[in-house]
Amino acid sequence: MTSYIIGGELLKNGVSLVAVLAFIVSWVTVGTVQLPAESLMLGRKFALLRNGISLIMAIAIAVLTVLILGIFG
Amino acid sequence: MVYLILGFWNPQIVLAGLEVFLGLLKKNLPIVGIVFALLFLSNLFLNPKTVLKYLGTGAGSRGWPIAVAAGILSAGPIYMWYPLLGDLKAKGMRDALIATFLYNRAVKIPLLPMMIYYFGLKLVVILTILMILFSVLNGLLVERLTSRNGGEQTES
């Protein structure tokens, strides 16, 4: 919830939509604080890979969202 | 231990901290209860054969909608879900579906109205669809890369 509010305010203050979306998506999909717990229950390699891939995907999703919005907006 | 020592110097801080802790506990108890109930039910009814049928390597495309829907519908702190996921993994659930479930936890239906308020309906629809699609890709990539070196042992 906090990420949406911060993202909304950043957008109002002129930050690019791609940056704001990447910020929001990485906030909700990447969890560094819970990495130890995730590593313990699901495996260290799984936890690191999942979070690393999610971080990269956050940028891809942000760019794609803005592109698609530009086409259909 | 820290609270106990601190209590000798400043009981007010300890009491304030305990109040916050009890508030959080009260807030999270329902979801803790739900997760424990799910753990109990999964141990009762979900044998490895059933898990493999719907969520294992032989499940085919059946497991994806289950993982996506379960991720979207799941509530509460992610810590509560790790034991259940670890248990299901031990019974044969694919890493791809676990990763997809975890990724779809980012799609929070109760918060969609707030997102629409800040960013507009079109953007939220596009973003949600992309996140669901990318959750599947995330799962596939994680599974491919974790299985490259023969997987790993976990505690569950």
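Residue positions are given per chain, counted from 1 along the sequence in the order it is written. To read the labels, note that chains go from A and ligands from 1, taken in the order they are written. Only residues with pLDDT of at least 70 are given local features in this predicted model, and only at 80 or more are side-chain atom pairs given and counted; all residues enter the totals for whole chains, interfaces and linings.

## Describing the packing of helix 6 (residues 95-104) of chain B against helix 8 (residues 121-147) of chain B
All names here are of chain B.
- Working convention: axes come from line fits to C-alpha atoms, limited for helices to the stretch in contact. Angles between N-to-C directions cover 0 to 180 degrees. Strands here mean DSSP runs of E at least two residues long; helices mean DSSP runs of H or I at least four residues long; both are numbered from the N terminus. Here helix 6 crosses helix 8 at 145 degrees, and the two axes come no closer than 7 Å. You can see that helix 6 and helix 8 cross each other, and the crossing is right-handed. Contacts between helix 6 and helix 8 involve D95, A96, L97, A99, T100, Y103 and N104 from the first element and I132, S135, V136, N138, G139, L140, V142, E143 and T146 from the second.
- By the convention adopted, Pro, Cys, Tyr, Trp, Phe, Met, Ile, Leu, Val and Ala count as nonpolar, Lys, Arg, Asp and Glu as charged, and the other residues, Gly among them, as polar. Considered class by class, the residues forming the contact of helix 6 with helix 8 number 8 nonpolar, 6 polar and 2 charged. Two helices crossing with the near one rotated counterclockwise from the far one by less than a right angle form a left-handed crossing, whereas a clockwise rotation gives a right-handed crossing. We call two residues in contact when their backbone-placed C-beta atoms lie within 7 Å.

## Quick look at the environment of V35(B)
All names here are of chain B.
- In this fold, V35 is placed in helix 2 (residues 11-45).
- A C-alpha to C-alpha distance of 9.7 Å links V35 and S74, two positions 39 residues apart in sequence.
- The residues touching V35, leaving out its near neighbours within four places in the chain, are M80, W81 and L84.

## A look at the environment of F134(B)
- Assignment of secondary structure puts F134(B) in helix 8.
- A tally of 24 C-beta atoms within 10 Å means that F134(B) is categorised as buried.
- In the structure, F134(B) is positioned 34 residues away from T100(B) in sequence and 8.7 Å away in space, judged by C-alpha atoms.
- The contact partners of F134(B), leaving out residues within four places of it in the chain, are M57(A) and I61(A). Exposure in this text rests on C-beta crowding, where 20 or more other C-beta atoms within 10 Å of a residue's own make it buried, 12 or fewer make it exposed, and counts in between make it partly exposed. The C-beta atoms are placed from the backbone.

## Describing the interface of chain B and chain A
- Counting from both sides, the interface comprises 33 residues of chain B and, opposite them, 29 residues of chain A.
- Of all the secondary structure elements, the ones that give two or more residues to the side of chain B that touches chain A are helix 5 (82-90), helix 6, helix 7 (112-119) and helix 8 of chain B.
- It is helix 8 of chain B that contributes the most residues to the side of chain B that touches chain A, 12 residues altogether.
- In terms of residue class, the side of chain B that touches chain A is built from 23 nonpolar, 5 polar and 5 charged.

## Observations regarding the domain arrangement of chain B
All names here are of chain B.
- By convention here, the domain bounds are inherited from an automatic or database domain assignment. Partitioning chain B into structural domains gives domain 1 (1-45) and domain 2 (50-156).
- Each of domain 1 and domain 2 was reduced to a C-alpha centroid, and the two centroids are 27 Å apart.
- With 7 residues of domain 1 in contact, the opposing surface of domain 2 contributes 9 residues.
- Within the side of domain 1 that touches domain 2, the residues separate by chemical class into 5 nonpolar, 2 polar and no charged.

## What about helix 6 of chain B?
- Counting buried residues along helix 6 of chain B, 10 of its 10 residues qualify, which places the element largely inside the surrounding structure.
- For helix 6 of chain B, the complete set of buried residues consists of D95(B), A96(B), L97(B), I98(B), A99(B), T100(B), F101(B), L102(B), Y103(B) and N104(B).

## Focus: the packing of helix 3 (residues 35-42) of chain A against helix 5 of chain B
- At a minimum axis separation of 9 Å, helix 3 of chain A and helix 5 of chain B run at an interaxial angle of 25 degrees. One element, helix 3 of chain A, and the other, helix 5 of chain B, form an angle in the roughly parallel class. Between helix 3 of chain A and helix 5 of chain B the crossing geometry is right-handed. For the pair helix 3 of chain A and helix 5 of chain B, contact is made by A37(A), E38(A), M41(A) and L42(A) and by Y82(B), P83(B), L85(B), G86(B) and K89(B), respectively.
- Per-class residue counts for the contact of helix 3 of chain A with helix 5 of chain B are 6 nonpolar, 1 polar and 2 charged. Should an angle fall under 35 degrees it is taken as roughly parallel, and over 145 as roughly antiparallel, whereas 65 to 115 is taken as roughly perpendicular and any remaining angle as oblique.

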